[in-house]
Structure formats: structure tokens, C-alpha cells
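# Report on the structure
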Amino acid sequence: MNHDTSHNEYALLALLKAGDVQAFGQLYQLYNYRLYGNLLKLVKSEQEAEEILQEVFIKIWDKRASIDVEKSFRSYLFRIAENKVYDYFRKAARNRKRAAHLLSIANPAYIYIEELLMEKENSALLQNAIASLSPQRRQVFMLCKVNGKSYKEVSELLGISVSTISNHIVKSTKIIRAYLDKNREVLITLLLASPFVASS
């Protein structure tokens, strides 16, 4: 965020604390699109993402008088969104039918590994998961998933059958998803913390 944008946000926050509805609307327009996109990655439902987004900004409005204009509004917004996502999954877990539906649309880490491969901010977590694989599985996974080679190409390169390649990918994916599941709170934090300031 450049100096002019930072100064403008400071002014908007000061107005928001005083109950200025227009300032609230401008802050909403500044942050809502990217935050909605990040929420959608996590909950896999447009309706749920929209509801959580609205809950986040309702809380911003309700707590406007306690906002510290000297501190990062982005960080404050992120903490509220993070708590709302945790609440969503805790509520889903208490509802067996909802939990079953959740498991049907999201893997244990709430995001597909293929999507993680394209998320630069999550690369360290994913690399740690890949590092937990055996040497051959790691090599096969890297060649297929990271380098984009076909099973046939990897089969010819390594001198092992296509079925063995497929078996390695299936087992590697299961191991990586289990690793991400153990670190799901870190994953949620990384996804929500990715920059969501609207581009100018």
C-alpha cells in the first residue's frame, strides 16, 4: 500500500470511528472482492462465502468505535475473517449432514493440492509436505504435478510402469493431504493472509 493510499485509509478509518456510513462503504469497496475470493477458496460455497463476508463487515461496523486507526486495518480485517472461517467449520462439524457435505466438496485441508501448487504464498507449506514423501514418490510427484509431465513421459524417463506412476501419485496425494490436514489452521491463515487489497 503506497503512502497516498495509506493516508486515505487512515482518514477513512477516522471517519468510520465517527460513524460515517460513506467511509464504511469505501472501505468495503476497497477490500471486499479479494477477501470474498479468499473465503470462497476455503468454504467452497458462493453463498457461504458471501454470508461470511457480510458477517465480517457487520462486525467491523458494530466495532467501529474501538478501531485503532494507528494499526493495520488489513490485519484487523484478517483476524475477524479468520475467526469467522473457524466458526464456520466448527459449526459444520457439529452438524453431521453438513459435515458430510463439507467432506464431499473439500479435501481435508480445505483446498486442492493442484490449487496449492499455484499459490505462491503456500509454497513453503506444500514443499514441507512433499519433503515428507519417500525419494521415489517425491520424484514422481514433482515430475508429474510440478513439472507437468504426463504419466507416460515419467514412465519412460524413470523406467517404471504407468500403473506404478499412478500408484505413487495416489499415495503421495493422500500423504500430502494428511500433512495439510494436520496443518489446516496454518493453511487457512496463509490463504486469508494473502494480499486482498483491491488493485488500482
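Quick caveat, the model's predicted, so the values are computed rather than measured.

A few words on the packing of helix H8 (residues 135-146) against helix H9 (residues 151-158). Viewed as axis vectors pointing N to C, H8 and H9 meet at an angle of 140°, and their least axial separation amounts to 9 Å. As summarised for this structure, H8 and H9 are arranged oblique, according to the angle between their axes. Judged by the twist between their axes, the crossing of H8 over H9 is right-handed. Here Gln 139, Val 140, Leu 143 and Cys 144 of H8 lie close against H9, whose contacting residues are Tyr 151, Val 154, Leu 157 and Leu 158. A breakdown of the residues in the contact of H8 with H9 according to their chemical character gives seven nonpolar, one polar and no charged.

Moving on: the packing of aromatic side chains. Counting across every chain of the model gives four aromatic pairs. By way of ring pairs, the aromatic residues Phe 24, Tyr 28, Phe 57 and Trp 61 are connected into one cluster. Against the face of Trp 61 rests Arg 64, its NZ or CZ located 4.0 Å from the ring centre.

A separate point is helix H10 (residues 162-182). Its 21 residues place the ends of H10 30 Å apart at the C-alpha level, agreeing with the 30 Å of an ideal helix rising 1.5 Å per residue. Along H10, the residues that are buried comprise Ile 165, His 168, Ile 169, Ser 172, Thr 173, Ile 176 and Leu 180. Down the axis of H10, the buried side of the element spans an arc of 135°, and every buried residue falls inside it. Relative to its buried face, H10 has exposed residues pointing more than 90 degrees away, namely Ser 163, Val 170, Lys 174 and Lys 182.

Let us now look at the nonpolar core. Of all hydrophobic cores here, the largest spans 28 residues; its most connected members are Leu 35, Val 56, Phe 57, Ile 60, Phe 73 and Leu 77. Among the elements of the structure, helix H1 (3-17), helix H2 (21-43), helix H3 (46-62) and helix H4 (73-94) are those that each provide at least two residues to this core. With nine residues, H2 is the largest single contributor of residues to this core. Sequence-distant contacts of Phe 73, defined by excluding residues within four places in its chain, comprise Glu 9, Leu 13, Leu 27, Tyr 31, Ile 60 and Ile 67. Listed in part, the 15 residues of the second largest apolar core include Leu 125, Ala 129, Phe 141 and Val 154.

So, about the confidence of the model for the protein. Parts of the model with low pLDDT should not have their predicted coordinates read in detail. Averaged over all residues, the pLDDT of the protein is 77; the fraction at 70 or higher stands at 72%. The model gives residues 107-112 a pLDDT under 50, and that stretch makes 22 contacts with residues more than four places away or in other chains. Predicted confidence for residues 196-200 stays below pLDDT 50, and this span has 15 contacts to residues more than four positions away or in other chains.

Here is what the cut-offs are and how they apply
- Residues numbered from 1 in each chain as written.
- Predicted model: local features only at pLDDT ≥ 70, side-chain atom pairs only at ≥ 80, totals over all residues.
- Heavy atoms only, no water.
- Axes fitted to C-alpha atoms, helices over the stretch in contact; angles between N-to-C directions.
- Helix = DSSP H or I, 4+ residues; strand = E, 2+ residues; numbered from the N terminus.
- Parallel < 35°, antiparallel > 145°, perpendicular 65-115°, else oblique.
- Left-handed = near helix turned anticlockwise from the far one by under 90°.
- Contact = heavy atoms within 4.5 Å.
- Nonpolar A, V, L, I, M, F, W, Y, C, P; charged D, E, K, R; others polar.
- Phe/Tyr/Trp six-rings, centres within 6.5 Å; stacked < 30°, edge-to-face > 60°.
- Lys NZ or Arg CZ within 6 Å of the ring centre and 35° of its normal.
- Expected span 1.5 Å × (residues − 1).
- Buried < 20%, exposed > 50% of the residue type's maximum accessible area, 1.4 Å probe, protein only.
- Arc of directions from axis to C-beta.
- Core = buried A, V, L, I, M, F, W, Y, C linked by side-chain atoms within 4.5 Å.
- pLDDT = per-residue confidence, 0-100.

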